[in-house]
Structure formats: structure tokens, C-alpha cells
Amino acid sequence: MASVTITGSRKPQPGRSAPAGAARAQGDPLVPRMLLGKRLRELREAARLARPGAGLAIGASESKIARLEQGRTRAKLRDVAGLLDRYGTDPGERATLLALAEQTGARPWWHGDGDIVPRWVRDYLSAEQAAKLVRTFETQFVPGLLQTEDYARGLFRLLHPESEDEVERRVEFRMRRQRVLRRRPRPLNLWVVLDQGALWRPACAPDTMRMQIRHIIEQCRRPNVTIQIAPLGISGQVAGDGSLTLVRFPQQGLQDMVYLERPDNAVYPMRRAEIEHHWHIFNTLVTEAAPPEQTPRILAGILATY
């Protein structure tokens, strides 16, 4: 999850107020889309219909049914109603699913900053706020959820040179994301495996790196945060070509999300075998990295070199 890059247009969105996105977190449509899609797939399979047959019921393509069932698109009430008619859904569940369909059109929590959020990262940002746990492996930079303001500011100046106002806006957005680690009553459980290279790389000034490393040491004390330091170059041996993030939701039965961030896009593997494969990769990284109780000592040693 390199830094979960925030790029995009430099023009402010009309009518935008900076903190508004946080207030919309409860209405984020991602989880309703996933829950509705999962149930629609179960009902279709129970009715012994293939996706093309379901599509005929509402005059839609097979690919549209697939997108609905995968939670990748807003659900129109008339489409959901037509599918439920075809599946013979009982009135009680029909009312519940139609209400869920309405929630799929809600504005996501990041809506107020949509002009600086690339399309490929939007589903991940929604998932991060809804998750019960996030596990991430990073090779290039300190993960966004652990960054200090100065470190984030330095990265934005390095990777996306622009006006200071825009830099500050992106920094504020990143800090707002981190509230999920302190939410009540159930903060996000975060498990990070960090390649040592991300700490040796001079991404920011030495003073900034010292503050950042101290901040990571402080985060190790949080009961909901686990941090491990991996040997240099472990990515090529175990994880392939970049960062890896796994998301698990609190809602029972929802499929885990895999997020693979790349320089200018991201990949979301969705097949069960792919998801299991990436969990295996992360579990291997956990065994190859130093145990969490050694992290403060390792970080103190790196800190001394700055």
C-alpha cells in the first residue's frame, strides 16, 4: 500500500468543505454493495439460474449481473426488484434487500475530496474505513496509516510537486484516514510488515525521518497495531513486485479484499484462489520478518544512523 497515492486534479471541487468527507463515513456504499451482491448471487444460484438468464429478467448483460454480484456498481432499485421477482424472494427479505439497494447509492466518505482520489484507490479507501483488520506489506515507503504529517508532506512534495495549498490538502486527507486507528468502540486492527529499505531510503530530510521512526516506535505500543521489520530485499524473494494489502470486514460472510497498488494503478484480485494465495504470501512474510517484540529495538538501531 505504498502510500495509497492521492493524486488528481488540482482544481478544488465546487462546494467542497475539507472535513466533510469524514462525516459521510457511515453512508459509504461499499459494504452495502458487497452485502447486496453476495445475497443476489446466492439467490440466483438457489434459483438455478446462470448470469445470462438473470440478465434476461431485467434486460441486462451478463457483465452487469457480474458487477452487481461483485459489489462493483450502484444497484438501481428497478433492477434489484426485477431480479428479486425472478428469484421468487419472500416479501420480508425483498424489503430488506431493496433498502440495502438504496444504500448503494450513498456518497462515499471521501466524496468531498474525490478530485484528488484516483479511481483505482477509491474502493480500497472505502474498505479501509469499514474494515475490522488490515494487513499490509510495504517495500518503498512507510504505509499511509503510520505516516507523520511531515513525512507525508515530504512525499507529496517529492512525488507530486504542486502548490503548498494542494500539498496541505493532501496531508490533511491522509491524517483524516488515520482516525480509523483511534475510532471507538472498535479501532481498526492494523498489521504491518515493513521492508527495512523503506526506512533507509532518503525519502525525506533526516529530521523528518527521525520523527517518523520515533512515531512508528510509539505506534508499536497500541494494542491494535502490530509492526514487523523485514530484511532488505525480501519482496523479490517472497512477495513479487510490490506492496500487498489485505482487508477483512466485520460482516460475516463478506469476502476479503486484496489490494495490490502499483505506480499508476491498482489490482483487486477477486477469485477465492487468488485471495488465499495472497494470504499465504503475507503469512510467509510474517514468518520471515523479525518478531513484533523486536521492532522497537530494530527501529532504535536505524534511528541511531540518522
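Residues numbered from 1 in each chain as written. Predicted model: local features only at pLDDT ≥ 70, side-chain atom pairs only at ≥ 80, totals over all residues. Heavy atoms only, no water.

Trainee: Can you help me understand the overall build of the protein chain in this one?
Mentor: Helix and strand content of the protein chain: 14 helices and six strands. With 306 residues in all, the protein chain has 52% of them scored as buried. Sequence-distant contacts in the protein chain: of pairs separated by 6 or more residues, those separated by 24 or more amount to 78%. In the form shown here, the protein chain has an accessible surface area of approximately 14,500 Å², with 51% of it arising from carbon and sulfur atoms. (Helix = DSSP H or I, 4+ residues; strand = E, 2+ residues; numbered from the N terminus. Buried < 20%, exposed > 50% of the residue type's maximum accessible area, 1.4 Å probe, protein only. Contact = heavy atoms within 4.5 Å. Areas by Shrake-Rupley, 256 points an atom, 1.4 Å probe, with all protein chains shown as cover.)

Trainee: Looking at this structure, how should I read the sheet that holds strand S1 (residues 133–138)?
Mentor: The strands making up a sheet are joined through hydrogen bonds of the backbone, oriented either antiparallel or parallel. With respect to topology, six strands assemble into an open sheet ordered S3-S2-S1-S4-S5-S6, the strand pairing being mixed. What marks the edges here is a single partner per strand, and that holds for strand S3 (225–230) and strand S6 (265–267). Taking the axes of each pair of neighbouring strands and ignoring which way they run, one obtains an average angle of 15° across the sheet. Where S1 and strand S4 (residues 244–248) come together, five bridges link them in antiparallel fashion. Counterpart to Thr136 in the pairing with S4 is Thr245. (Pairing = 2+ DSSP bridges. Axes fitted to C-alpha atoms, helices over the stretch in contact; angles between N-to-C directions.)

Trainee: Quick question: what am I supposed to make of helix H3 (residues 51–58) here?
Mentor: Along an α-helix, residues three or four positions apart point the same way, because every turn accommodates 3.6 residues. Within H3 the residues assigned to the buried category are Gly53, Ala54, Gly55 and Ile58. In this structure, the buried residues of H3 make contact with helix H2 (30–46), helix H4 (62–69) and helix H5 (77–87). One or two steps after H3, the chain reaches Gly59, where phi turns positive at roughly 65°.

Trainee: Can you help me understand the pattern of salt bridges in this one?
Mentor: Between side chains of opposite charge, a pair can form as their charged atoms come close. The full count for this structure, using the stated rule, is 20 salt bridges. Where Lys38 meets Glu42, a salt bridge forms, and the shortest distance between an N and an O atom there is 2.7 Å. Of this pair, Lys38 and Glu42 both sit in helix H2, four residues apart, roughly one helical turn. Given a relative accessible area of 26%, Glu42 falls into the partly exposed group. For Glu149, the salt bridge goes to Arg153, with nearest N and O atoms at 3.6 Å. Placement of the pair is Glu149 and Arg153 together in helix H8 (residues 149–159), with a separation of four residues, close to one helical turn. (Salt bridge = Lys/Arg side-chain N within 4 Å of Asp/Glu carboxyl O.)

Trainee: Honestly, the environment of Pro206 in this entry has me stumped. Any pointers?
Mentor: Structurally, Pro206 is set in helix H11 (residues 206–219). We classify Pro206 as partly exposed; its relative accessible area is 46%. Between the C-alpha atom of Pro206 and that of Tyr306, which follows or precedes it by 100 residues, the distance is 6.0 Å.

Trainee: Is there a simple way to think about the side chain of His278 in this case?
Mentor: Along the chain, the position of His278 falls in helix H13 (residues 272–288). With residues up to four places along the chain from it excluded, the contact list for His278 reads Leu244, Leu246, Val258, Leu260 and Pro269.

Trainee: Looking at this structure, how should I read the pairing of S4?
Mentor: Burial within S4 is extensive, with four of its five residues counted as buried. Bridge count for S4 against strand S5 (residues 257–262) is three bridges, and the pairing is antiparallel. Note that in S5 the partner of Val247 across the bridge is Met257.

Trainee: Got a minute to help me understand the packing of aromatic side chains in this structure?
Mentor: How two aromatic rings sit relative to each other is set out by the distance from centre to centre and by the angle between their planes. All chains considered together, the criterion is met by three aromatic pairs. For the pair Tyr259 and Tyr268, a centre-to-centre distance of 5.3 Å together with 55° between the ring planes defines the contact as tilted. The class for Tyr268 is partly exposed, based on a relative accessible area of 23%. Grouping aromatic residues by their ring pairs yields a cluster made of Tyr124, Tyr259 and Tyr268. (Phe/Tyr/Trp six-rings, centres within 6.5 Å; stacked < 30°, edge-to-face > 60°.)

Trainee: Hey, could you run me through unusual backbone geometry in this one?
Mentor: With the exception of glycine, the majority of residues adopt a negative phi angle, and the majority of peptide bonds are in the trans configuration. Geometrically, the link from Arg184 to Pro185 is a cis peptide bond, its omega value of 5° lying close to zero. One can find Pro185 in the loop between helix H9 (164–177) and strand S2 (189–195). Unlike most non-glycine residues, Arg48 shows phi in positive territory, near 60°. In this fold, Arg48 is placed in the loop between H2 and H3. Residue Arg48 is classed as exposed on the basis of its relative accessible area of 79%.

Read these as spatial facts, not as claims about activity.
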